[in-house]
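The residues making up each chain are set out below.
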Amino acid sequence: MWPTESETTYFLKDRTTFIRYYFDEAAKPFVDIHERINAGTSPFELYGDPEDGGPLYQAEWEGAEIAIALIGQTCVSLLADSLKLYLNTWRQREFRFAFDKHEDKLAAREGFVAAYRAAFSEIFGPRWSQCAARFDIIDQVVLARNRSQHGDSLLSMRARHDRKTLDKHPLPFFARPAEIQAWVPRDDLFGSYLAPPLRISRETLWAAIGEIEAWAEWLDANFEHAWSWPTLSVEDDPKPTA
């Protein structure tokens, strides 16, 4: 009987545990700024109005909000990279298979999650349909990582969804519904600036981690059902790419 948790999954969960810890600890001082502004406690006691007539401590509030957003982007990047390392390790150490041309093209077109889903569908056959992990969320983890790492606008520190992502996921997981509804597609510079920003909250980050861990647990629980699948030699290059 295959053990309930493989060594590979153990190390994935070691990473996801750290990602949760990092988010909470890194965000603490900025969450504290928001709470102090809301409560009007030192050093944000409420008195008078700023000369420009704007909200009190708006710059401090927005600075803390951007910092929390960047922490979320860092965490989702760590999560996507951890998932890719995990799947590559499964492929090389456990299944020992190489991607075929179809899966290589799928990876280039739709990302490594799609390529692995295609490969596991072949490896596990009909059983694969029983995997309950939400791949729409897992796919958006990788897309959010790509947006976080490759910004396209100098106008904002915050990463935003791009048109391709919004076409594929019209109701993106890492976005506020009101910002999605307010967005009007545009093809100029301001089109990307006004697109819904990535909103990687503690709640959505925890949910995304849960889906990735559910995928890993399913692979552990069902690994023995793939033993009869013929293996192929693994290429040195750990494909597919992001």
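Quick look at the structure, then.

Thresholds applied
- Residues numbered from 1 in each chain as written.
- Predicted model: local features only at pLDDT ≥ 70, side-chain atom pairs only at ≥ 80, totals over all residues.
- Heavy atoms only, no water.
- Patch = residues over 30% accessible without salt bridge, like charges linked within 9 Å, V, L, I, M, F, W, Y side chains within 5 Å.
- Areas by Shrake-Rupley, 256 points an atom, 1.4 Å probe, with all protein chains shown as cover.
- Salt bridge = Lys/Arg side-chain N within 4 Å of Asp/Glu carboxyl O.
- Helix = DSSP H or I, 4+ residues; strand = E, 2+ residues; numbered from the N terminus.
- Buried < 20%, exposed > 50% of the residue type's maximum accessible area, 1.4 Å probe, protein only.
- Phe/Tyr/Trp six-rings, centres within 6.5 Å; stacked < 30°, edge-to-face > 60°.
- Lys NZ or Arg CZ within 6 Å of the ring centre and 35° of its normal.

With that out of the way, let us pick up a nonpolar patch on the surface. Residues Phe18, Tyr21 and Leu78 make up a contiguous nonpolar surface patch of roughly 310 Å² in combined accessible area. Examined against the element boundaries, Leu78 turns out to sit in helix α2 (residues 58–95). For Leu78, a relative accessible area of 33% puts it in the partly exposed group.

Moving on to the pattern of salt bridges. Oppositely charged side chains are able to pair whenever their charged atoms sit close together. Summed over all chains, the structure comprises 14 salt bridges. Glu65 is paired through a salt bridge with Arg176; the nearest N and O atoms lie 4.0 Å apart. In this pair, Glu65 sits in helix α2 while Arg176 sits in the loop between α6 (163–168) and α7 (177–182), placing the two residues 111 residues apart along the sequence. Look at Glu65 and you get partly exposed, because its relative accessible area is 23%. Under the relative-accessibility criterion, Arg176 is labelled partly exposed at 42%. Of the charged contacts in the structure, one is a salt bridge between Glu179 and Arg199, with a shortest N-O distance of 2.5 Å.

The subject of this paragraph is the packing of aromatic side chains. Inspection of the entire model under this criterion finds 18 aromatic pairs. Connected via pairs of aromatic rings, a cluster forms that spans Tyr116, Phe120, Phe124, Trp128, Phe135, Trp215 and Trp218. The lysine or arginine in question, Arg202, covers the ring of Trp206, its NZ or CZ lying 4.2 Å from the ring centre.

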